[in-house]
Amino acid sequence: MVKAVNTRSVDQELVKGPVDKAMEVLEALVLPGGPHRLGDIARHTGLTKPTVHRHLRTMTEYGFAEPAEGGSYRPGPRLLGLAAAALNDSRAIELIRPVLADLRTRTGHVAFYAVRHAGDAVYLEQSEPAREYRVSTRPGHSTPLHACGVGLAMLSALPAEEAEAVLGAPELEARTPQAPTDPAALRAVLARAALCGYAVDDEYDEPDVRSVAAPVVDARGEVVGAIGISGLTFTLDPESTQVYGPMVRAAARTVSTQLGARTPVLGAVPAEGRGKRS
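If you're wondering where the values come from, they're calculated on a predicted model, not measured in any experiment.

A.B. asks: Looking at this model, I keep getting lost on the overall build of the protein chain. Mind explaining?
C.D. replies: Helix and strand content of the protein chain: ten helices and nine strands. Going through the 278 residues of the protein chain one by one, you find that 45% of them count as buried. Of the contacts made within the protein chain by residues no fewer than 6 positions apart, 56% connect residues no fewer than 24 positions apart.

Listed below in structure tokens is the structure:
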């Protein structure tokens, strides 16, 4: 009896076009913990091994992937070059790098910047202090918006209908036992974030890790991302979030102002005003 490669049938796979499959392989290729074996990429994408191998072979020819030890693959030089060029050409990233470095120095915690893609927060930039432990979030990592500080910060500043579309998704993922998944509970979290200008992730994304984040907006008042810091719960306790929260909020507003946003003065924002920008 032939052992199935994965749980997805060939008929199910055919529903997707070649570009869809290539994007899934590319996304799996850059996941943390690489280089990745062909079988691991197949399991992650749900595609068959021959399909994954065919796409990897094409990506290798174009420099988007390259073979590594043990039959595994890693991102190729052309892919890395395109990613670096895109980030270096980003006005927001250019402004954010020194702000993150300053935030890292002042707080002693890892500072990062993330943007929204559909229902996920995608981390783009990070400034990490030298210490014995490392956080799991790295550039390229993605987390559901409702399950992380930067995601909650972005949701708190989105127009109400956009935030509700995310909260209304069926079966919101609970990444930890502490993570709220009930829409009513999440609305309360967002209301608090809108009121003080920053969101707190209290072990929602991973156990023993707490984060504080604030939204970044552009000249049109639209959310373009969020700045945050994170640390282990014994170094970033609830009292510390009240100290660092305004610092993170000020850092996000510094970038927003440089992007042309007319940010409000520091202070409470009425919860009913969430999602509205002057």
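A.B. asks: Please clarify how the sheet that holds strand S6 (residues 142–144) should be interpreted in this entry.
C.D. replies: Through backbone hydrogen bonds, the strands of a sheet pair up, either in parallel or in antiparallel fashion. The strand order across the open sheet formed by six strands is S6-S5-S4-S9-S8-S7, and the pairing between neighbours is antiparallel. Each edge of the open sheet carries a strand with a single partner, namely S6 and strand S7 (199–202). Averaged over all neighbouring strand pairs, the angle between strand axes comes to 30 degrees, with direction disregarded. Inspection of the sheet shows strand S4 (residues 110–117) paired to strand S5 (residues 120–127) by seven bridges, in the antiparallel sense. Bridge pairing links Arg-116 to Ala-121 in S5.

A.B. asks: What's the story with the sheet that holds strand S1 (residues 36–37) in this structure? I'm lost.
C.D. replies: Here three strands make up an open sheet; going across it, the order is S1-S3-S2 and the pairing antiparallel. Whereas interior strands pair on both sides, the edge strands pair on one side only; in this sheet they are S1 and strand S2 (65–67). Relative to strand S3 (residues 72–75), S1 runs antiparallel, the two sharing two bridges. What sits directly across from Arg-37, in S3, is Ser-72. This element, helix H2 (residues 18–29), spans S1, S2 and S3 of the sheet and lies at about 90 degrees to S3.

Definitions and limits used
Residues numbered from 1 in each chain as written. Predicted model: local features only at pLDDT ≥ 70, side-chain atom pairs only at ≥ 80, totals over all residues. Heavy atoms only, no water. Helix = DSSP H or I, 4+ residues; strand = E, 2+ residues; numbered from the N terminus. Buried < 20%, exposed > 50% of the residue type's maximum accessible area, 1.4 Å probe, protein only. Contact = heavy atoms within 4.5 Å. Pairing = 2+ DSSP bridges. Axes fitted to C-alpha atoms, helices over the stretch in contact; angles between N-to-C directions.

Everything listed here is a matter of geometry and, on its own, says nothing about what the molecule does.
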